[in-house]
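Secondary and tertiary structure notes
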Amino acid sequence: MMCVWVALPGNFGPFEASTKCICTANIHHKITTSCAKGNSFLDLVVDQNVYIDGFGACEGTLACSTCHVILDQKGYDQLGPIIDEESDMLDLAFGLTDMSRLGCQVCLSRDLE
Amino acid sequence: GFYTAQHLVKVSDVSVDIYERLPVPFGLVRFGVAPDHPEVKNVINTFTQTAQHARCSFHGNVRVGKDVTVEELQEAYHAVVLSYGAEGNRTMGVPGEDLAGVYSAKDFVGWYNGLPRNSELRPDLSCETAVILGQGNVALDVARILLSPVDILKKTDITQHALDALAESSVRRVLIVGRRGPLQVACTIKELREMVNLPGTRPEMEASEFEGIAETLKSLARPRKRLTELLLKAAIETPGEEELERRNRAERAWGFRFLRKPLEVLPSTDLIRAAGIRLAVNRLEGDGEGVRAVATGEVEDVECGLVISSIGYKSLLIDPAVPFDARKAIIPNTMGRVQQTAGLYCSGWVKRGPTGVIATTMNDSFDTARTLLQDIGKGTLDVSTVKPGSQGVSTLLEKRGVKPVSFSDWEKIDSEETRRGEIKGKPREKMLDVGEMLKKRI
């Protein structure tokens, strides 16, 4: 079970926040489904019809930072290496942390804990 | 506009009508985003879903402020949101700005992106050197379009006339000039990386302009640090063998020039066109966020035949009834509520100023939508009376001889543009003439 925090500014989920402070919000549904190996977190959000305002605006083409997610150490360490193009877009993400990745590049596979 | 509508429609049971001056929707996504950035335009898919939602409708070819006033809209609707962006530009305010060969980036971008009012621009690309003032992403887009191999551009939705002009272009060298230093460039790393990797081009910069920069790296926040590292690599690092060979083969060059401010565009001998630009040399004072450029008194002339000022877009007043801060060129507001005017809101560039990527403007639009919904919830926005909505507005428009374009009409235009593009291996060939677009109506 990978724990993923969707990180977007503004009100999302049960947390109130102004756009000035970092807001990390838990997604409404706890998704505990298995998904096709190789699908990304963005694919999962889309397939499961989870409505997150503005998530994945560029549809997974590394042209925005709206699918920004924050992982715990364990999850982060299990992911493959990050390429320059993803880092470039992450640089623009709201509330960037050391455990941040773009959800469209987070590949979920059965091997992941 | 579309993002504000999206939030309202998905998160509440509010109905939204979108009024747009042109027959075609999507604003900057169609006319601002560079042709070689098609992935950014994917947002059109979610905009389309919004427009097709039962509680949303699109009305193109309606000029707010001319065909219908903001006051008339406020009579017809419980709330009006102004998201009309920034259609003007900051001017350099220097002599020679009106010479042939001098353009605002706004017009140049409008020209290659098919904005009807820029279709006759016909920029002269017969010179060797182009100087761009400004170092933001728009400046880099312009540089990249000027220097990209035509084989790459011809597969994009760039307009045919721009493609033809660029195929004949003599421009071989583009200087991207800024008032301040390397640590103040406003562009982002993706766009810089695209320049560094642009086929057939090599970077050409003065090492002296980067003195002391490497030493600052360790104190920089990650985004600025990565950007500066890449800039240093392109500007002063000795390239490896392969890269050296690639640069030697490159026929086109680009480079940043820092600490330079335009004083005058110098005319040709016949006084008709630009032949050069006179730049004041600056030095920096202060540090961190407070860094300022100060004139040294020195001056430098650069020979060039094309000058493009990319120093900022600017919002304009749409209707005298709408409060407008002429100094900041935005609508005065508090969290999207227009000051001193109940029932009037704003979002996007006209609310915060003309900067930011899609994510910034998107989140800002959601903020305005939330503010509006909060006001309904609190009762400060009165929705108890029945309002005529688009029925009220159509009556006015009909009387004035204005025929709105529906979203289905746009879909016909869209199909036709796509069909014309397919023939040429392009995603679309945009219509440039409003009259032609209007003929496509059902």
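It should be emphasised that the depicted structure is a prediction, and the values quoted were computed from it without experimental measurement. (Residues numbered from 1 in each chain as written. Chains lettered and ligands numbered in written order. Predicted model: local features only at pLDDT ≥ 70, side-chain atom pairs only at ≥ 80, totals over all residues. Heavy atoms only, no water.)

To continue, consider the overall build of chain A. Helix and strand counts for chain A come out as three helices and three strands. Written out in order from the N terminus, the α and β elements of chain A read β-α-β-α-α-β. When the 113 residues of chain A are sorted by exposure, 47% land in the buried category. Sequence-distant contacts, at least 24 apart, represent 63% of the contacts inside chain A between residues at least 6 apart. (Helix = DSSP H or I, 4+ residues; strand = E, 2+ residues; numbered from the N terminus. Buried < 20%, exposed > 50% of the residue type's maximum accessible area, 1.4 Å probe, protein only. Contact = heavy atoms within 4.5 Å.)

This brings us to the interface of chain A and chain B. Between chain A and chain B, the residue contacts involve 24 residues of the former and 24 residues of the latter. Around 2,000 Å² of area is buried between chain A and chain B when both sides are counted, 55% of it from carbon and sulfur atoms. At the junction of chain A with chain B, the criterion picks out six salt bridges. Taken together, the links from chain A to chain B amount to ten residue pairs in polar contact (both at pLDDT 80 or more). Here the residues of the side of chain A that touches chain B sort into ten nonpolar, eight polar and six charged. (Buried area = accessible area lost by both parts, 1.4 Å probe. Salt bridge = Lys/Arg side-chain N within 4 Å of Asp/Glu carboxyl O. Polar contact = N/O pair within 3.5 Å; in protein donor to acceptor, adjacent residues only side chain to side chain. Nonpolar A, V, L, I, M, F, W, Y, C, P; charged D, E, K, R; others polar.)

Here we come to the sheet that holds strand 9 (residues 252-257) of chain B. Residue and element names in this part refer to chain B. On the basis of which strands lie adjacent, the open sheet formed by six strands has the order 5-13-6-7-9-8 and parallel pairing. Of all strands in the sheet, those bounded by a partner on one side alone are strand 5 (102-104) and strand 8 (201-203). Each strand of the sheet is rotated relative to its neighbour by a mean of 20 degrees, with strand direction disregarded. Contacting strand 5 and strand 13 (306-309), helix 5 (residues 105-112) runs over the sheet at an angle of about 85 degrees to strand 5. (Pairing = 2+ DSSP bridges. Axes fitted to C-alpha atoms, helices over the stretch in contact; angles between N-to-C directions.)

What follows deals with the environment of B:Ala54. Residue and element names in this part refer to chain B. With respect to the element layout, Ala-54 can be found in the loop between helix 3 (43-52) and strand 2 (56-59). Since its relative accessible area comes to 80%, Ala-54 is described here as exposed. Separated by 38 residues in sequence, Ala-54 and Val-16 place their C-alpha atoms 9.6 Å apart.

Residues and elements named next belong to chain B. Where helix 9 (residues 189-196) contacts helix 10 (residues 222-235), the two axes come as close as 10 Å, and the packing angle between them is 15 degrees. Looking at the two axes, helix 9 sits roughly parallel to helix 10. The way helix 9 lies across helix 10 gives a crossing that is left-handed. When helix 9 is examined against helix 10, the residues Ile-189, Leu-192, Arg-193 and Val-196 are found in contact with a partner set consisting of Arg-226, Leu-227, Leu-230, Leu-231 and Ala-234. Of the residues belonging to the contact of helix 9 with helix 10, the class tally is seven nonpolar, no polar and two charged. (Parallel < 35°, antiparallel > 145°, perpendicular 65-115°, else oblique. Left-handed = near helix turned anticlockwise from the far one by under 90°.)

Residues and elements named next belong to chain B. Counting 50 residues, the largest nonpolar core has Leu-146 and Phe-256 as its most contacted members. Top contributing element to this core by residue count: helix 6 (residues 137-147), with seven residues. Sequence-distant contacts of Phe-256, defined by excluding residues within four places in its chain, comprise Gln-135, Leu-140, Ile-176, Cys-187, Leu-192, Met-205 and Leu-231. If you look at the next biggest cluster of nonpolar residues, it comprises 37 residues, including Val-33, Val-40, Phe-366 and Ile-413. (Core = buried A, V, L, I, M, F, W, Y, C linked by side-chain atoms within 4.5 Å.)

What follows deals with the packing of aromatic side chains. Residue and element names in this part refer to chain B. All told, the structure shown has 16 aromatic pairs over all chains when counted by the stated rule. Centroid distance Tyr-3 to Phe-366: 5.8 Å. Interplanar angle 85 degrees. Geometry classified as edge-to-face. Linking Tyr-3 in helix 1 (residues 2-11) with Phe-366 in helix 13 (residues 358-378), this pair joins segments that are 363 residues apart in sequence. In this structure Tyr-3 comes out as buried when scored by relative accessible area, which is 8%. A relative accessible area of 1% means that Phe-366 is categorised as buried. (Phe/Tyr/Trp six-rings, centres within 6.5 Å; stacked < 30°, edge-to-face > 60°.)

On to the sheet that holds strand 12 (residues 292-303) of chain B, then. Strands pair in a sheet through their backbones, by hydrogen bonds, and they do so in one of two ways: parallel or antiparallel. Residues and elements named next belong to chain B. One open sheet holds the three strands; their spatial order is 10-11-12, and the pairing between them is antiparallel. If you trace the sheet from one side to the other, it starts and ends with strand 10 (260-267) and strand 12, each paired once. Taking the axes of each pair of neighbouring strands and ignoring which way they run, one obtains an average angle of 20 degrees across the sheet. Taken together, the seven bridges between strand 10 and strand 11 (residues 274-285) define a ladder with antiparallel strand orientation. Note that in strand 11 the partner of Arg-260 across the bridge is Val-281.

Moving on: a positive patch on the surface. Positive charge collects at one region of the surface, where B:Arg90, B:Arg179, B:Lys261 and B:Lys314 lie side by side. With respect to the helices and strands, B:Lys261 occurs in strand 10. (Patch = residues over 30% accessible without salt bridge, like charges linked within 9 Å, V, L, I, M, F, W, Y side chains within 5 Å. Areas by Shrake-Rupley, 256 points an atom, 1.4 Å probe, with all protein chains shown as cover. Lys, Arg positive; Asp, Glu negative; His and termini not counted. Charge placed at Lys NZ, Arg CZ, Asp CG, Glu CD.)

Looking now at the pattern of salt bridges. In this structure the tally under the stated criterion is 40 salt bridges over all chains. Where B:Arg222 meets A:Asp91, a salt bridge forms, and the shortest distance between an N and an O atom there is 2.6 Å. Of the two residues, B:Arg222 sits in helix 10 while A:Asp91 sits in the loop between helix 3 (84-90) and strand 3 (100-102), which places them in two different chains. Across the pair B:Glu194 and B:Lys190 runs a salt bridge, and its minimum N-O distance is 3.6 Å. With B:Glu194 and B:Lys190 both in helix 9 and four residues apart, the pair spans about one turn of that helix. Assessed through its relative accessible area of 22%, B:Glu194 is described here as partly exposed. Take B:Lys190: its relative accessible area is 16%, and that puts it in the buried class. Three or more residues joined by partner-sharing salt bridges are found here, namely A:Asp84, A:Asp88, A:Asp91, B:Arg193, B:Arg222 and B:Arg226.

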